[in-house]
Each structure stands twice: as structure tokens, then as C-alpha cells.
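Residue-level listing of the chains:
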Amino acid sequence: MEVLVKDIVAQAMKKLDAAGITESRVDSWRLAESILGVSRQDLFLEPEKSVSEEQAQKYLDAVFVRAKHIPLQHITGCQQFLDFEFIVNEDVLIPRPETELLVEQVVSYIKEERVKVLDLCTGSGCIAVSIDRMCLNADVTAADISEKALNVAGENNMRNKGRVTFVQSDLFENIYESYDVIVSNPPYIPTGDIDTLMEEVRIHEPRLALDGSADGLKFYREICTNAVNYLNKNGKIFLEIGYDQGRTVPELLRENGFTDIQVLKDLSGNDRMVIAGKE
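Attention in this report is confined to the structure presented alongside it. (Residues numbered from 1 in each chain as written. Predicted model: local features only at pLDDT ≥ 70, side-chain atom pairs only at ≥ 80, totals over all residues. Heavy atoms only, no water.)

Counting across every chain of the model gives three aromatic pairs. Here Y109 and F238 contribute two aromatic rings whose centre-to-centre distance is 5.7 Å and whose plane-to-plane angle is 55 degrees, an arrangement assigned as tilted. Separated by 129 residues along the polypeptide, Y109 in helix α6 (residues 97-110) and F238 in strand β9 (residues 231-240) bring together distant segments of the chain. Exposure remark for Y109: the relative accessible area of 32% places this residue in the partly exposed category. The class for F238 is buried, based on a relative accessible area of 2%. (Phe/Tyr/Trp six-rings, centres within 6.5 Å; stacked < 30°, edge-to-face > 60°. Helix = DSSP H or I, 4+ residues; strand = E, 2+ residues; numbered from the N terminus. Buried < 20%, exposed > 50% of the residue type's maximum accessible area, 1.4 Å probe, protein only.)

A word on the pairing of strand β8 (residues 179-184). Each regular strand shows side chains that alternate between the opposite faces of the sheet. Most of β8 is tucked away: five of the six residues are buried. In the sheet, strand β5 (residues 115-120) pairs with β8 via four bridges, with the strands oriented parallel. Within β8, the residue paired with L118 across the bridge is I182. Alignment of β8 against β9, held across five bridges, turns out to be parallel. When the sheet's bridge partners are listed, S184 is paired in β9 with L239. (Pairing = 2+ DSSP bridges.)

Locating N174 in the fold gives a position in the loop between β7 (165-168) and β8. Aside from chain neighbours lying at most four places away, what touches N174 is V167, Q168 and S169. Engagement of the side chain of N174 in a polar contact is seen with the backbone oxygen of Q168, the distance being 2.8 Å. (Contact = heavy atoms within 4.5 Å. Polar contact = N/O pair within 3.5 Å; in protein donor to acceptor, adjacent residues only side chain to side chain.)

With that settled, consider the pairing of strand β6 (residues 138-144). Counted residue by residue, β6 has six buried out of seven residues, so it is predominantly covered. With respect to chirality, the unit in which β5 leads through helix α7 (residues 126-134) into the neighbouring parallel β6 is right-handed. Relative to β7, β6 runs parallel, the two being bridged by four bridges. Bridging across to β7, T141 finds its partner in T165. A crossover links β6 with its parallel partner β7, the connecting element being helix α8 (residues 147-159), and its sense is right-handed. (Right-handed = clockwise from strand over helix to strand, strands pointing away.)

What follows is the structure, given as C-alpha cells:
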């Protein structure tokens, strides 16, 4: 027996609405694309499109999981980032659109120069692998303290045909070379703010990738203090920051001898990136 897609998607939206999922419509369709292979465009072209009862039940089972506030990406197992697809699970932070802007800034800076790049706190590897794929002239190394995160990053490197070298390291602990570019999206949420985050984040994403200490600046202090020793002359550092860190992080960079400091905003108008140079 066949089931109309429009009926089960409508059912899914009601279920997610009732569970307090803010983007119930979007998530219902994303699950439909992932599990049923049916998009909104497909249904527009074929309004009476149907699937088997078995497929419909598999879809509704996934909807039930999403209704428990399990991140959508943990159900589908992946997240699109720029032109690439990355495996994600509970061991890594889900790549955000804001971080795409950070990668675009790095890629724009690199252009066609032959450079060595270090990505700290790589997590899923989305920054390192994307830079590697978009800059064939870049030699990219990525570091993370978490072995589990590095396993995911390694899978993503292979999945996207990257050439990234991975190192298990607590920031610069096991880094022994110097680089032309250092990039990082470190944990920057103040410890006390984590419990105020949406359930999908505070429960299902790794606290290790979120917690930036009491004031959210622990990792920036360590990076800004030490990065100057790992950057080549005229090198650049690119950092993603929290929306309220557009003054504090630049000051840390300034205190450690960095120059040409720029603060860039995301698409919502919030401070989101800091770029600085080493003379």
C-alpha cells in the first residue's frame, strides 16, 4: 500500500510543531529529502507522489527522533558546508553558516600563494578540508585535542578527497612548525551560558567544543599568546568569535604584538571574525 508524501509531511510538521521545534517545516522537508529522496520541488511537480508504507514509517520514525530535540544533522548524519558535505555526530560541533564566512576570508587571502595553514580546534574538519579543497596551493595541518573528533575529521578528509594532515594536540602542544596562516573557531561560550542554550546544542553537541571558560576567552588567550611563535613573517591569523567578543579578542591580539586588526561581521550584523597580521 502506498502513502501520499504530502500527508506524511503534514503529519510530521504537526508532530514537530507540538514538540516545540522552531523550524518544523524546514526540518520535515529535510528529513523527507534525506530519507524518502523527495524534495518540495518534487512534490510541486508531482503533488500525488507516494511512497511505500515501509518508507513512510522510516520517515515518521526519524521525525519522532527529531521531536526529542535530537539535532537534525545527527539524524541525517551529515551537514552541508560550502560546496562540501561533512559527516557529523555527537563527537563534533555541527558546522555553522557563520564559519563558512571565516573560510571564505581565508581563501580570499590565500589566493594563489603557496602557503602553509594551521587549523586549531578543527572538530569535524570543515574549515581545514574546505580550505584544502578550495586552495590547491595550500598545505593544511589541522589539530584537535579530541581523538574522537579527529576520527570524524579524518573521515571527512577522505570523503571530500582532501590532503589535510591531522595532529592530536591541545592547541600548540604538539605543533612544531611555523605557518603562513593560522585559523581557528575555538570554544567561546562562557561556561555559565551553556545551560541557557537550546536543547539541541547544550545536550547533544560536545561541551568540549562549546565551553570557553568563565568569560569565554580561555582559548583566545592561549592562541593569541602563542600564535606569534608559530606564524611566519607577514603571516595572518583568522579567528571566529562570539557576537560580544569584538573588542576583547582584538585587544588580546594587540597585547601580543599583532597588527592590522580587523573585526568583520556575519550576515546578521554581529561581530563574528577577527583577522590580524604579524609583521
